[in-house]
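What the coordinates show
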Amino acid sequence: DNLGEAYPELLSSQEKVMDTINEDEALFLSNLQKGRKLMTKTIKKLDNSALFPAEVGWFLHNSLGIPTDMVESMVQDRGHRMDMEHYSRVERDALQKKAQGLQVSQNPTLDSHSLQQLQALGVPPTDDLLKYSYRLTDSGKYEFPSPEGCILSLYRQGKLVDRVAAGEDCCVILDRTCFYPEAGGQEADQGTMCKHGAVAFTTDNVQLCCGYILHQGQAQTSLSVDDTVQLNIDQERRLGCMQRHTATHLLNHALRDVLGEECEQRGSHVGPNRLRFDFSVKNLPSPEELRRVEETVQATVDRAQCVYTQNVPLVQARGVSGIRTMDEEYPDPVRVVSVGTPVQELVNNPSSGAACTTSVE
């Protein structure tokens, strides 16, 4: 009640909040019980004078969520003590390894100075409409374009440069691209850029930064600003991502159909070989409910319905009854994806309820 004015969702979701608190409490008590059992087993193997292993203490904190001071107190209650200096070293080493892992996998981005330079040079934002310029052929296979793009800038080691040599890692900024940057939970495209018929750049990652699309990878030949390159995406990888992205839409619709409208998507990750779908729901789904979700998705796939896409003004898209959205900002216009029902029909009749009977996001 005290926080309801500042956070009105607390008042509208009191039962859900209490359920979440109770679940977290139950999980902590369960982990605490596991921690006690592990501690008992560990101490049984120690001599009376031996120190409790700091590595085990760190596991109890890092993996089971037991506060460090509680771990130390539990050890003392059992007649032992833990070397807290060694514990601090174990903790520091673990955090350093985690930080190094994050640095290795860090996505490319432009620093503020380089961004100002690009804008001062009049470099326009990247035109990426070609990422959707694929078509389904009469043979049932997709055709993806291999357009040309002009290099407007090169970004290496935190600086804009005019040229890179073969073997150097960098980011390429083009006037236009058909590469799909990581977005909406979908992994970025990979592929190559060719110059004079030979591979000049291998693209491993693609990210959007303030309107500029950064193609991260390694130069196979020298590259310079104003070079023209032919863009070739890894078509098998893109198709795998497309299929699994549509599958998340079908799964979202099936979950809400079976578990109710209170089932809300909380995120997703789509790759060429697998997908992950995160959702929140009041009660744990039963095996029967999960079977119904699976059957619902499979039935939609078996119908082999057309997937319609269309860019729609954001206000009109939000006005379609039953359309699925997440708590995030969307571009205007926004791309609407509908399974089985043309998007224009939904826009023309926003209150028809047609979006409630199929997947529309």
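The rules behind these values
Residues numbered from 1 in each chain as written. Predicted model: local features only at pLDDT ≥ 70, side-chain atom pairs only at ≥ 80, totals over all residues. Heavy atoms only, no water. Helix = DSSP H or I, 4+ residues; strand = E, 2+ residues; numbered from the N terminus. Rg over C-alpha atoms; globule rule 2.2 N^0.38 Å. Buried < 20%, exposed > 50% of the residue type's maximum accessible area, 1.4 Å probe, protein only. Contact = heavy atoms within 4.5 Å. Phe/Tyr/Trp six-rings, centres within 6.5 Å; stacked < 30°, edge-to-face > 60°. Lys NZ or Arg CZ within 6 Å of the ring centre and 35° of its normal. Patch = residues over 30% accessible without salt bridge, like charges linked within 9 Å, V, L, I, M, F, W, Y side chains within 5 Å. Areas by Shrake-Rupley, 256 points an atom, 1.4 Å probe, with all protein chains shown as cover. Salt bridge = Lys/Arg side-chain N within 4 Å of Asp/Glu carboxyl O. Lys, Arg positive; Asp, Glu negative; His and termini not counted. Charge placed at Lys NZ, Arg CZ, Asp CG, Glu CD. pLDDT = per-residue confidence, 0-100. Polar contact = N/O pair within 3.5 Å; in protein donor to acceptor, adjacent residues only side chain to side chain. Expected span 1.5 Å × (residues − 1). Pairing = 2+ DSSP bridges.

Points about the overall build of the chain
- The number of helices and strands found in the chain is ten helices and 15 strands.
- Taken over C-alpha atoms, the radius of gyration comes to 26 Å for the chain, far larger than the 21 Å a tight globule of 361 residues would show.
- Projected onto the principal axes, the alpha-carbon positions of the chain cover approximately 75 × 60 × 45 Å.
- The buried share of the chain, reckoned over its 361 residues, is 35%.
- A separation threshold of at least 6 residues defines the contact pool for the chain, and within that pool the share at least 24 residues apart is 66%.

What to know about the packing of aromatic side chains
- With the rule as written, the count across this model stands at six aromatic pairs.
- Ring plane angle 70 degrees and centroid distance 6.1 Å describe the contact between Trp58 and Tyr87, whose orientation is recorded as edge-to-face. A residue pair is termed long-range when its members are at least 10 positions apart, and Trp58 in helix α3 (residues 54-62) and Tyr87 in helix α5 (residues 84-104) qualify at 29 residues. Residue Trp58 shares its accessibility class with Tyr87, and that shared class is buried.
- An aromatic cluster of three or more residues is present, and its members are Tyr134, Tyr142 and Phe144.
- Its end group placed over the ring of Tyr180, Lys131 keeps NZ or CZ at 5.2 Å from the ring centre.
- Here the basic side chain of Arg335 rests over the ring of Tyr132, its NZ or CZ set 3.5 Å away from the ring centre.

Some thoughts on a positive patch on the surface
- A surface patch of like charges, here positive, comprises Lys37, Lys41, Lys44 and Lys45.
- With respect to the element layout, Lys41 can be found in helix α2 (residues 14-44).
- A residue is classified by how much of its surface remains accessible, and Lys41, at 57% relative accessible area, is exposed.

Topic: the confidence of the model for the chain
- Across the chain, the average pLDDT comes to 90, with 97% of residues at 70 or higher.
- Looking over the chain, one finds the lowest element-wise mean pLDDT in helix α1 (residues 8-12), namely 76, and the highest in strand β10 (residues 223-224), namely 98.

A few points about the pattern of salt bridges
- This model, assessed by the stated rule, comprises eleven salt bridges.
- Its salt-bridge partner being Arg156, residue Glu168 comes within 3.7 Å of it at the nearest N-O pair. Placement of the pair is Glu168 in the loop between β5 (163-164) and β6 (169-174) and Arg156 in strand β3 (residues 148-156), with a sequence separation of twelve residues.
- Classification of Glu168 as partly exposed rests on a relative accessible area of 24%.
- Asp189 is the partner of Arg238 in a salt bridge, and the nearest nitrogen-oxygen pair spans 2.8 Å. Of this pair, Arg238 sits in helix α7 (residues 235-259) while Asp189 sits in the loop between β6 and β7 (191-195); the two residues are 49 residues apart in sequence, bridging distant segments of the chain. Each member of the pair, Arg238 as well as Asp189, is classed as buried.
- Each of the salt bridges in this network shares a partner with another, and the network as a whole consists of Glu288, Arg291 and Glu295.

Here's the deal with the side chain of His215
- Relative to the helices and strands, His215 is located in strand β9 (residues 212-219).
- In terms of polar contacts, His215 uses its side chain to reach the side chain of Thr177, at 2.8 Å.
- Among the polar contacts listed, one links the side chain of His215 to the backbone oxygen of Ile213, at a separation of 3.5 Å.

Re unusual backbone geometry
- The omega torsion of the bond from Asp332 to Pro333 falls at 5 degrees, within 30 degrees of zero and hence cis.
- Its place among the elements puts Pro333 in the loop between α9 (314-318) and β15 (334-339).
- Even without being glycine, Cys210 reaches a positive phi, approximately 55 degrees.
- Position of Cys210 relative to the elements: it lies in the loop between β8 (198-209) and β9.

Focus: α2
- The end-to-end C-alpha distance of α2 is 45 Å, a good match for the 45 Å that 31 residues give at a rise of 1.5 Å each.
- Taken together, the buried positions of α2 are Asn31, Leu32, Gly35, Met39, Thr42 and Ile43.
- Looking at the buried positions of α2, the neighbouring elements they touch are α3 and α4 (68-77).

Some points on the pairing of strand β12 (residues 264-270)
- Sheet topology places β12 next to strand β13 (residues 275-280); six bridges connect them, and they run antiparallel. Within β13, the position partnered with His269 by the bridge is Arg276.
- The hairpin turn running from β12 into β13, its antiparallel successor, is four residues long.

Things to note about the side chain of Thr300
- Following the sequence through the fold, Thr300 ends up in helix α8 (residues 287-302).
- For Thr300, a relative accessible area of 13% translates into the label buried.
- Ignoring any residue separated from it by four or fewer positions in sequence, one finds Thr300 in contact with Leu250, Gln305 and Val339.

Concerning the environment of Gly217
- Mapped onto the fold, Gly217 is located in strand β9.
- Sequence separation between Gly217 and Ala94 is 123 residues; the distance between their C-alpha atoms is 29 Å.
- Residues within four places of Gly217 in sequence aside, it is in contact with Glu168, Asp169, Cys170, Phe201, Thr202 and Asp204.

A few points about the pairing of β9
- Of all eight residues in β9, six are buried, a share of seventy percent or more.
- Judged from the four bridges that link them, β6 and β9 form a sheet pairing that is antiparallel. Bridge pairing links Asp169 to Gln218 in β9.
- Here β8 folds back onto β9, and the loop between the two strands holds two residues, one of which, Cys210, carries a positive phi near 55 degrees.

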